[in-house]
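Geometric and topological summary
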Amino acid sequence: MQLTRAMVTGASSGIGEVYVRRLAARGADVVLVARRGDRLQALAEDLERGGVRAEVLVADLTDEAGLAQVVARLVAPEAPVDLLVNNAGFGTTGAFAQLPVERELAMIELNVSALVRLTHAALGAMENGGGAIVNVSSLAAFQPLARSATYAATKAFVLSFTQSLADEVRGSGIHLQVLCPGLTRSEFHTVNDFDVSRLPDLVWQSAEQVVDVSLAALDRPRVVVVPGLVNRLAASASALAPNRLVRWVANATVRR
């Protein structure tokens, strides 16, 4: 897919940063969105030394003013964005009743509400010229997950929402992809206090592997993208096995 300008949220590290670098390598200008301005600025300066135009938008997408700023940039006609990567998000772990409810609601605001707002704005801006939207979900979208109940539910929303929109815009020149990575080596698990120390190397992927699969699928294009054979088998099993068995396996893995 030929791209002129891409916007990536959660661009300061992990999967988001890799998207930025991969897209810049394809010749696209990039709009970087995240809360950590120092990291964004350093990334932008690095890209610009390679001849890529990089815009920095420091914004908290759970804050109305920050979200409105990003929406305004998405719909700016003088510098249209033809790829939006909704990557910003976070998770929590623990018994739901014992977690701070404010943190759970903030997760819904970022993982769901902000994604919906940005997707809506991007679709409106792309309706005459085409483009693509990648919404980053998770392997957790395919089954309920005790001790990450809100997180799994937000990612299930993203999966269903993106598939529905993909059907709505079919034939319009706009493509939607929902990316569902499994365990990915990044800051995500450290920042969100997930204990993954006992999980074997077999189930892990690098952020580079995840993004490369996503962009290759965007070239075809495909709607639901699950990187990695182990993850694809897990997603398929979740769809075919009885719900009670799927939940038991998923929760047994969490308890480990």
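Residues numbered from 1 in each chain as written. Predicted model: local features only at pLDDT ≥ 70, side-chain atom pairs only at ≥ 80, totals over all residues. Heavy atoms only, no water.

Moving on to unusual backbone geometry. A cis geometry characterises the amide bond from Arg220 onward to Pro221, with omega recorded as 0°. When you line up the elements, Pro221 lands in the loop between α7 (207-219) and β9 (224-225). Even without being glycine, Arg147 reaches a positive phi, approximately 70°. The residue Arg147 is located in the loop between β5 (131-136) and α5 (149-168) in this model. (Helix = DSSP H or I, 4+ residues; strand = E, 2+ residues; numbered from the N terminus.)

We now examine the packing of helix α3 (residues 64-74) against helix α4 (residues 101-126). Where α3 meets α4, the closest approach of the two axes is 9 Å, and the angle between their N-to-C directions is 20°. Taken together, the axis directions place α3 and α4 in an arrangement best described as roughly parallel. Judged by the twist between their axes, the crossing of α3 over α4 is right-handed. Packed against α3, whose contacting residues are Glu64, Leu67, Ala68, Val70, Val71 and Leu74, the element α4 presents Ala114, Arg117, Leu118, Ala121, Ala122 and Ala125 at the interface. Across the contact of α3 with α4, the residue classes tally to 10 nonpolar, no polar and 2 charged. (Axes fitted to C-alpha atoms, helices over the stretch in contact; angles between N-to-C directions. Parallel < 35°, antiparallel > 145°, perpendicular 65-115°, else oblique. Left-handed = near helix turned anticlockwise from the far one by under 90°. Contact = heavy atoms within 4.5 Å. Nonpolar A, V, L, I, M, F, W, Y, C, P; charged D, E, K, R; others polar.)

Counting through the fold element by element, Asn86 comes out in strand β4 (residues 83-86). Accessibility expressed as a relative area gives 3% for Asn86, which makes it buried. If near-sequence neighbours (up to four positions away) are discounted, Asn86 is found in contact with Thr9, Leu115, Leu118, Thr119, Ile133, Val134, Asn135 and Val136. (Buried < 20%, exposed > 50% of the residue type's maximum accessible area, 1.4 Å probe, protein only.)

It is worth spelling out the pattern of salt bridges at this point. Counting across every chain of the model gives 8 salt bridges. As a salt-bridge pair, Glu17 and Arg21 come within 3.1 Å of each other at their nearest N and O atoms. With a gap of 4 residues between them, Glu17 and Arg21 both fall in helix α1 (residues 14-25), about one helical turn apart. Judged by its relative accessible area of 24%, Glu17 falls in the partly exposed class. Of the residues examined, Arg21 reaches a relative accessible area of 34% and is grouped as partly exposed. In this structure, the salt-bridge partner of Arg26 is Asp219, at a minimum N-O distance of 3.1 Å. Taken together, the positions of Arg26 in the loop between α1 and β2 (29-34) and Asp219 in helix α7 put the pair 193 residues apart, joining distant regions of the chain. (Salt bridge = Lys/Arg side-chain N within 4 Å of Asp/Glu carboxyl O.)

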